[in-house]
Amino acid sequence: MEILANKAFMRFYTGFIISEIGTKMFYLSIFWFVQEKTQEPSYTAWLGLAITIPQLFMFIFGVFADRYNRRKIMIITDICSALILLTITTYTYVIEFSILFIAVMFSLLNICNNIFFPTSRAFMPSTLPEEKLVLGNSLFATGTQISTIIASTLGAFLLSKVNIYLFFIFNTITFLFSAFNLFLLRFVLPKESVNETVQPKKHKKEKKLFAVKQFINDVVEGFRVIKSSKILLFMIPGVFLTNIFFVTFIYLTPGWSQKILHSGPEGYSLLELGLGVGTFIGAFASGWFSKFINIKRGQILAFLFQSTIVLFPVFPILIVNVFILFLYGIGSGLANAYTMTLIQHIIPDHQRGRAFGTLMSIMGGVVPIGTFICGLLVKYIGLVGVFWMSGIVCSIGAVILALTFKFIPIKEQDNKNLLTQVE
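**Examining helix 4 (residues 70-95)**
Point 1. The end-to-end C-alpha distance of helix 4 is 37 Å, a good match for the 38 Å that 26 residues give at a rise of 1.5 Å each.
Point 2. For helix 4, the N-terminal capping position is held by Asn-69, with its side-chain oxygen 3.1 Å away from the main-chain nitrogen of Arg-71.

The structure is reproduced here in C-alpha cells:
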C-alpha cells in the first residue's frame, strides 16, 4: 500500500501497464496475422529475428540512459513507436501485405523497445526508496504478465472474430498514453531525482571527436561493469543456452497450435496465456519470497521451474502444453524480478543504464542466432524436431543457471546492499 501511495511510481507504473497491454496484443496479433497469411511457420521465425536483432545493440542503448534525461528518452521512444505502428497499419491495410516491410518496421519498433527497457529499469530507482526495489521490480514483472494475461485472454476470444487491425490501432493509442503519462511525471517526481539521471556536460565547445571517444569509453565501461561482478559474468553461459532456443516457444507456437495441436488462434492464445499467468505468479511471488529466502536461493528455485520445459514436446496435448509453459513462466517471473533487483543493488546509479543494456545485449544477443537456427531447422527436422531440441537445450541451460547460483558467491562489495534479502 505504501508503494501504491507513491504518486511518482504509480504514474510511471500506470503508463507502463497500459502500454504493455497494447504491445502484447499487437505481438499476439502480428504473429498470427503472418502465420495465417503465409501458412508457413518459418516466416514467424524470421519475424522473430526482426524482433531480436536490435538486442545485439542494447549495450549502446544503455549508454543513452546514463548520458541523457531518462524520462525524455522514454517519451521519445513511445512517440516513435506509435508512429511506426501507424505506418505498419496504414501500409498493410491500404497498400499490400509484405513480410519484408513488416519485418523492417518491426525491427525499428523493437529498437525503440530496446532503448526503452534499460532506460526504464535504470529510471525506476528514482521513484522508490532503495528498500522497496524488490517489491517495485516484482510489481513491474507482475504488470508485464498481467498485460500478457489480458492480451492472451482477449486474443482467445477476439483474434478470429474482429478485424486484426484494431489490435494495431489500440497499441498505437497505448504508446501515446504512456508518453503523455511520462510527460506528467515531471510534476510529481522530485527534481533532484531527474537531475541525477543526467551526467554534467564537460563544456559547451566540446569537440565532436572527444564526444565520440567518450561515448565509446562508456560502452566499454558497460562491459567492464559486468565483468567486475562474478555472479553476473557466470550467468552468461546458462542464459546463452536458454535464450538461444527458447525462441522456439515464442515464435513457433502459432505453427505448433495450427499444425500439431490443431487448435488454431484459440490454442495459440491459450499457450501464451499459460506462459503469462505463470510468469505473473512468479513475479508476484518474488516480492513475498524475498521476506523468507535470499536472492541466490530464489534464483535456484526459479531455474528449477524453468527446467520443466523439456517435457513440452513429450506431450503434444493443448492442456498439458499450457501447464508446462505455466511452470516455466513461474520460473521466469521469479528470475526476472530477482535479476533486476540484483543489478539495481550492485551497480551504481550512473552506470546502471549501460549495465542493463550491456547485460541484455550479451544475454539477448544470442536470440537472433537462435531465431535464425530454428527458422532453418524447421525445414530440415520439422516443427516437432525443433521443439524437442529446444526443450532439451533450454532445460540444460536452466540447470546450469541453478548450479551457478548454488556455487558462485556474490562478492562482498556486491553483497553489502543485499543484507536484508540474503540474511
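Still more to cover.
**A closer look at helix 2 (residues 41-52)**
An α-helical turn contains 3.6 residues, so a residue and the one three or four places further along point in the same direction.
Point 1. End to end, helix 2 covers 17 Å across 12 residues, agreeing with the expected 16 Å (1.5 Å per residue, within 8%).
Point 2. Within the span of helix 2, buried status applies to Pro-41, Ser-42, Thr-44, Ala-45, Leu-47, Gly-48, Leu-49, Ala-50, Ile-51 and Thr-52.
Point 3. The secondary structure elements touched by the buried residues of helix 2 are helix 1 (7-38), helix 5 (99-123), helix 11 (248-251), helix 12 (253-260) and helix 17 (367-407).

**Notes on the side chain of Thr-77**
Point 1. Summarising the element assignment, Thr-77 is placed in helix 4.
Point 2. When residues no more than four places from it in sequence are discounted, the contact partners of Thr-77 are Cys-112, Ile-115 and Phe-116.

**Describing the packing of helix 14 (residues 295-306) against helix 17**
Point 1. Helix 17 packs onto helix 14 with a crossing angle of 165° between their chain directions and a minimal axis gap of 8 Å. Considered as vectors, helix 14 and helix 17 are oriented roughly antiparallel to each other. As helix 14 packs across helix 17, the resulting crossing turns out to be left-handed. Within the contact between the two elements, helix 14 uses Lys-296, Gln-299, Ile-300, Phe-303, Leu-304 and Gln-306 and helix 17 uses Ala-398, Leu-401, Ala-402, Phe-405 and Lys-406.
Point 2. Across the contact of helix 14 with helix 17, the residue classes tally to seven nonpolar, two polar and two charged.

**Structural notes on unusual backbone geometry**
Point 1. Notably, His-262 is not glycine yet its phi reads approximately 55°, a positive angle.
Point 2. Judged by relative accessible area, His-262 falls into the exposed class, the value being 64%.

**Quick look at the packing of aromatic side chains**
Point 1. Considering all chains together, one arrives at 24 aromatic pairs under this definition.
Point 2. Ring centres 5.5 Å apart and planes at 80° place the aromatic pair Tyr-165 and Phe-168 in the edge-to-face group. Taken together, the residues span about one helical turn, with Tyr-165 and Phe-168 both in helix 7 (residues 165-184) at a distance of three residues.
Point 3. Residue Tyr-165 is classed as buried on the basis of its relative accessible area of 14%.
Point 4. Taking the relative accessible area as the measure of exposure, Phe-168 reaches 0% and is therefore buried.
Point 5. Centroid distance Phe-303 to Phe-405: 6.0 Å. Interplanar angle 35°. Geometry classified as tilted. Residue Phe-303 is located in helix 14, and its partner Phe-405 is located in helix 17; the two are separated by 102 residues in the primary sequence.

**Thoughts on the packing of helix 4 against helix 5**
Point 1. Where helix 4 contacts helix 5, the two axes come as close as 9 Å, and the packing angle between them is 160°. The orientation of helix 4 relative to helix 5 falls into the category roughly antiparallel. Relative to helix 5, the crossing made by helix 4 is left-handed.
Point 2. Among the residues forming the contact of helix 4 with helix 5, the class breakdown is 18 nonpolar, seven polar and three charged.

**Re the side chain of Thr-89**
Point 1. Take Thr-89: it is sitting in helix 4.
Point 2. Relative accessible area serves as the criterion here: at 10%, Thr-89 is assigned to the buried category.
Point 3. For Thr-89, the contacting residues outside a window of four places in its chain are Tyr-165, Phe-168 and Ile-169.

Cut-off values and rules
Residues numbered from 1 in each chain as written. Predicted model: local features only at pLDDT ≥ 70, side-chain atom pairs only at ≥ 80, totals over all residues. Heavy atoms only, no water. Helix = DSSP H or I, 4+ residues; strand = E, 2+ residues; numbered from the N terminus. Expected span 1.5 Å × (residues − 1). Polar contact = N/O pair within 3.5 Å; in protein donor to acceptor, adjacent residues only side chain to side chain. Buried < 20%, exposed > 50% of the residue type's maximum accessible area, 1.4 Å probe, protein only. Contact = heavy atoms within 4.5 Å. Axes fitted to C-alpha atoms, helices over the stretch in contact; angles between N-to-C directions. Parallel < 35°, antiparallel > 145°, perpendicular 65-115°, else oblique. Left-handed = near helix turned anticlockwise from the far one by under 90°. Nonpolar A, V, L, I, M, F, W, Y, C, P; charged D, E, K, R; others polar. Phe/Tyr/Trp six-rings, centres within 6.5 Å; stacked < 30°, edge-to-face > 60°.

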